[in-house]
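Here are the chains, one letter per residue:
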Amino acid sequence: MGVDYYKALQVDRSANDDDLKKAYRKLAMKWHPDKNPDNKKDAESKFKQISEAYDVLSDPQKRAVYDQYGEEGLKGNVPPPNAGGGASFFSSGDDGPSPFRFNPRSADDLFAEIFGFSNPFGGGGACGGQRFSSRMFGDDMYGSGGVGGGSMHHHHGQARKVAPIETKLPCSLEDLYKGTTKKMKICRDIVDVIGKVMQTEEIITIRVKPGWKKGTKITFPEKGNEHPGVIPADLVFIIDEKPHPVFTREGNDLIVTQKISLADALAGYTVNLTTLDGRTLTIQVTNVIHPEYGEVVPKEGMPLQKDQTKKGNLILKFNIKFPARLSAEQKAGFKKLLG
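Residues numbered from 1 in each chain as written. Predicted model: local features only at pLDDT ≥ 70, side-chain atom pairs only at ≥ 80, totals over all residues. Heavy atoms only, no water.

Quick look at the nonpolar core
F237, I289, L314, L316 and F318 are the most contacted members of the largest nonpolar core, which has 41 residues in total. Top contributing element to this core by residue count: strand β15 (residues 314-321), with four residues. If you look at the next biggest cluster of nonpolar residues, it comprises 27 residues, including W31, A43, A53 and L57. (Core = buried A, V, L, I, M, F, W, Y, C linked by side-chain atoms within 4.5 Å. Buried < 20%, exposed > 50% of the residue type's maximum accessible area, 1.4 Å probe, protein only. Helix = DSSP H or I, 4+ residues; strand = E, 2+ residues; numbered from the N terminus.)

Written as structure tokens, this is what we have:
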């Protein structure tokens, strides 16, 4: 039967996105391995199962395949939900549709995406986490935690600034196409008017703009710990682009690779795509498609970072499935047709 993902997340089969996210947050916090040091092996297993369940059920295509075929079918060779199913799908013919491939996401990456950080259960302290490491706490966190980073240098008569605190900010390609806002809760030391060090929590807002690329840095000056004689560190978020199941980004261009038959390559092919902002594109390719061929669709790539009214291109590439063998009659027919 395989794993019941609905049971793993403790939701019913009609659960919507909000229900799934709420259930995941609750269970991920309960079973995070760092929160269960005395039962780490079982916690790791539970944590991975919860993460896989959320990954599948929160993705419409994966969920549709799972609902129809179960876990075993999801992880095997099954059609995408719009392929019509049927025994012909499982055949090895050259003209059949490409099978759905299950590619599970890392449990830690998923946790970091939902909560805004990867490990909430470090060291002690009133803020609940190891302060001034690279740990970040999401605005929907169940408990509070600390951030910090960089070593502090104390020099008599001279204030020295702590090294920047850098942490990755995972963003989907959709986030970087449309832009998004992420909120983080940080916990840090501050110095009050009488020089006493106290801990405080603060919500910071990160506005990710359309067209931003991997490696883009967002700096919050002097948001590290405050201590007498020390200039607090800057808090730096570095955009990290998550892999996308359909599109690959190259600069401002988006690349899509389609698997097609030799007949389609010679006679013409229609590409149907859902864009990163949810539109449906239908592209008719009338040229003969050879292995190095690329169809360029202007202005359907990523927004330009410096001018978001402009976009890069969408480039369609093709993986042509050649027949493994031809009969003598077929060979003669091709020679007559193409010779």
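Some remarks on the packing of helix α3 (residues 40-57) against helix α4 (residues 60-74)
Orientation of α3 relative to α4, taken along the N-to-C sense of each, is 140 degrees, at an axis distance of 9 Å. Accordingly, the angle class assigned to the pair α3 and α4 is oblique. Of the residues in α4, those in contact with E52, D55, V56 and L57 of α3 are K62, R63, Y66, E71 and L74. (Axes fitted to C-alpha atoms, helices over the stretch in contact; angles between N-to-C directions. Parallel < 35°, antiparallel > 145°, perpendicular 65-115°, else oblique. Contact = heavy atoms within 4.5 Å.)

Quick word on the sheet that holds strand β11 (residues 253-261)
Spatially, four strands are ordered β10-β11-β15-β14 in an open sheet, and the strand pairing comes out mixed. One side of each edge strand has no neighbouring strand; the edge strands of this open sheet are β10 (248-250) and β14 (294-297). With direction set aside, neighbouring strand axes in the sheet form an average angle of 30 degrees. Bridge count between β10 and β11: three bridges; the pairing is antiparallel. Of the residues in β11, the one forming a bridge with R249 is L254. (Pairing = 2+ DSSP bridges.)

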